[in-house]
Amino acid sequence: MSRAEKTRIDWLATLANFKDDPDHAANDAMWSPRLDGASRDELVAIQNEKISVVTPFLYENSRFYRDRFDRLGLAPTDIATVDDLAKWPVVDKSEMTVDVEANPPFGHYTTMSDDLWRSRGWMQFSTSGTTGTPRVFRYSQIDREYWAWSNARALHAMGFTPADTVFMMSGYGPHVWAWAVQMGLAKMGIGIIPGGGMDGKMRAGVVERFKPTVLCCTPSYALYLGRVMQNMGLDPGATSITKLFCAGEPAMAIDPTREKLEDLWGARLMEFYGCTEAAPQAGGYTCAASGTGTDGPFLHLMEDLQVWETVDPDTMAPTAPGERGLSVCTNLISESSPQLRFLVGDFTTLNHAPCVCGRSHVRAMGCFSGRADDLINLRGIKFFPTQIEKSVRAIPGLGDEFQIILSSRTTDGMDVMKVVVEHPEHKDAAALIDQVVAAIRVETEVRVDVDVVAHNTLPKTEFKAKRVVDERVKV
Ligand SMILES: [Zn+2]
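Residues numbered from 1 in each chain as written. Predicted model: local features only at pLDDT ≥ 70, side-chain atom pairs only at ≥ 80, totals over all residues. Heavy atoms only, no water.

Draft legend 1. Spotlight on the coordination of the zinc ion. The coordination sphere of the zinc ion, as far as protein atoms go, consists of C287 (SG), H300 (NE2), C355 (SG) and C357 (SG), spread over 2.1 to 2.3 Å. Geometry at the zinc ion is tetrahedral, judged from its four donor atoms and the angles of 105 to 115° they form at the metal. Each donor residue of the zinc ion belongs to the same chain, with the gaps between them written as C-x12-H-x54-C-x1-C. Placement of C287 in the loop between β8 (279-285) and β9 (298-301) and of C355 in the loop between β12 (339-351) and β13 (363-365) is noted, with a sequence separation of 68 residues between them. In this structure, C287 and C355 share a single accessibility class: buried. (Donors = N, O, S within 2.8 Å, 3.2 Å for Na, K, Ca; no water. Tetrahedral: all angles 85-135°; square planar, octahedral: opposite > 155°, others 65-115°. Helix = DSSP H or I, 4+ residues; strand = E, 2+ residues; numbered from the N terminus. Buried < 20%, exposed > 50% of the residue type's maximum accessible area, 1.4 Å probe, protein only.)

Okay, here's the thing in structure tokens:
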């Protein structure tokens, strides 16, 4: 037997060894008490065991990883524990892109040979490509079975039961989220209504007629559909919907946005977090305690399946405990695409203290407020579009939409920002403008110009908001 085959058998056996409660929840509180209720020491022991087996597997089966180990002068055995991970510099998207461009169309980071791909079965997914060429990932059937199980664990923690019916308002494109959620729901015996290829009115009709209890969509879409229903003379708050199950954009941690959605639908907002490259199933999920207690909104990260860290955005060095940084994920639940220290790149603060729900898995406090790529730098002051959202949405009477326009002043070349908001009394809005200016200044320390326009003037967001228009002259 070759070393490649031997290390693969060892890795798959290790994955199987930690797949507790494969088909059914053990009890109402936790799908898998040994994993979901593990102590910190137990979680680290699981991570160490997985890391010690995955690094030889990566070395023997992935060209990308073998070359990187060799280049760094490291042997696979040099990275055998969580503490050893610091020896491995983070892998970012650009390094993956270089690999894909040199070895199209999939790159060399997979652990699967062409023969194995042909015998294992696979499905192709792609990143959204908001910051460059979409990168494509194939995942094996074995991987998808692990997603179904791990997503079932996360959905169970969120309170999903077979009494629910989930309306999946996804286009079922190449994005991994909806597919992986559907696999988890099917495992749990939960009813699914596929809602791709419909417009808002048709979807409103489905809600009225078939009475789903859960909407699965982006937060922007949940808001959009609620407004569509109101325009049809229907009350979203009086429908069968009890849960808004969202991902793709931050919402849980933006208080006024969360309140707007929950008030509109009379339902509770829940959030999933992940990424195509390293956490295609639920990397993170809100539990029943998120957003209800003194800890505010947060996401649990599944630590028996991944190692989560935060790093300094400039130096990429690990941040001190409790300090804000960019998310980094080591994926320990994959046959075809395990990853060591992939820079997911969302800002958060990790908290290892136990949660009142009984889980000790690390929590991303304040959820993930924005990707480093979205950060606006205006004259050296850095802030996220979500901070503007928070300021604008906290002011009563403003419409759902707003726009952030960045430009360079023609007189002196200085970069400035204007925020456009909607309000019915847009013609005499001096007091309102003062209020918006002050709210944004408190949140971001930036002084902005504000324009108030009539309701329904700005383009309506359907799936994912694009609110920043950057017209600055680049120097
Ligand atoms: Zn919890």
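Having put the structure on the table, let's press on.
Draft legend 2. Inspection of the domain arrangement of the protein at higher detail. For the protein, the assigned domains are domain 1 (1-374) and domain 2 (376-471). At the junction of the two partners, domain 1 supplies 21 residues and domain 2 supplies 16 residues. In total, domain 1 and domain 2 occlude about 1,600 Å² of area from one another, counting both sides; carbon and sulfur atoms represent 58% of this. At the boundary of domain 1 with domain 2, the tally comes to nine residue pairs in polar contact (both at pLDDT 80 or more). Breaking the side of domain 1 that touches domain 2 down by element, the ones donating at least two residues are α10 (219-231) and α11 (255-265). Here the side of domain 1 that touches domain 2 takes five residues from α10, the largest share from any one element. Residue classes in the side of domain 1 that touches domain 2 are distributed as eight nonpolar, six polar and seven charged. (Domains from an automatic or database assignment. Contact = heavy atoms within 4.5 Å. Buried area = accessible area lost by both parts, 1.4 Å probe. Polar contact = N/O pair within 3.5 Å; in protein donor to acceptor, adjacent residues only side chain to side chain. Nonpolar A, V, L, I, M, F, W, Y, C, P; charged D, E, K, R; others polar.)

Draft legend 3. Summary view of the side chain of R153. Here R153 is to be found in helix α7 (residues 141-157). Non-local contacts of R153, meaning those with residues more than four positions away in its chain, are made with W31, S32, L35, D36, M302, D304, L305 and H361.

Draft legend 4. Layout of the side chain of S126. Counting through the fold element by element, S126 comes out in strand β1 (residues 122-126). When residues no more than four places from it in sequence are discounted, the contact partners of S126 are P134, R135, V136, P174, H175 and T276.

Draft legend 5. Examining the packing of aromatic side chains more closely. For the structure shown, the criterion picks out 22 aromatic pairs. Taking 3.6 Å as the distance between ring centres and 5° as the angle between the ring planes, the aromatic pair formed by Y273 and F368 counts as stacked. Placement of the pair is Y273 in strand β7 (residues 268-275) and F368 in the loop between β13 and β14 (376-378), with a sequence separation of 95 residues. Each member of the pair, Y273 as well as F368, carries the same accessibility label: buried. (Phe/Tyr/Trp six-rings, centres within 6.5 Å; stacked < 30°, edge-to-face > 60°.)

Draft legend 6. Structural detail: unusual backbone geometry. In this model, P104 is joined to P105 through a cis peptide bond whose omega is 0°. Considering the arrangement of structural elements, one finds P105 in the loop between α5 (93-102) and α6 (114-120). Of note, the phi angle at E445 is positive, near 70°, even though the residue is not glycine. Along the chain, E445 falls in the loop between α13 (430-444) and β18 (449-453). In this model, N456 sits at a positive phi of 65°, which is unusual for a non-glycine residue. Note that N456 resides in the loop between β18 and β19 (468-471).

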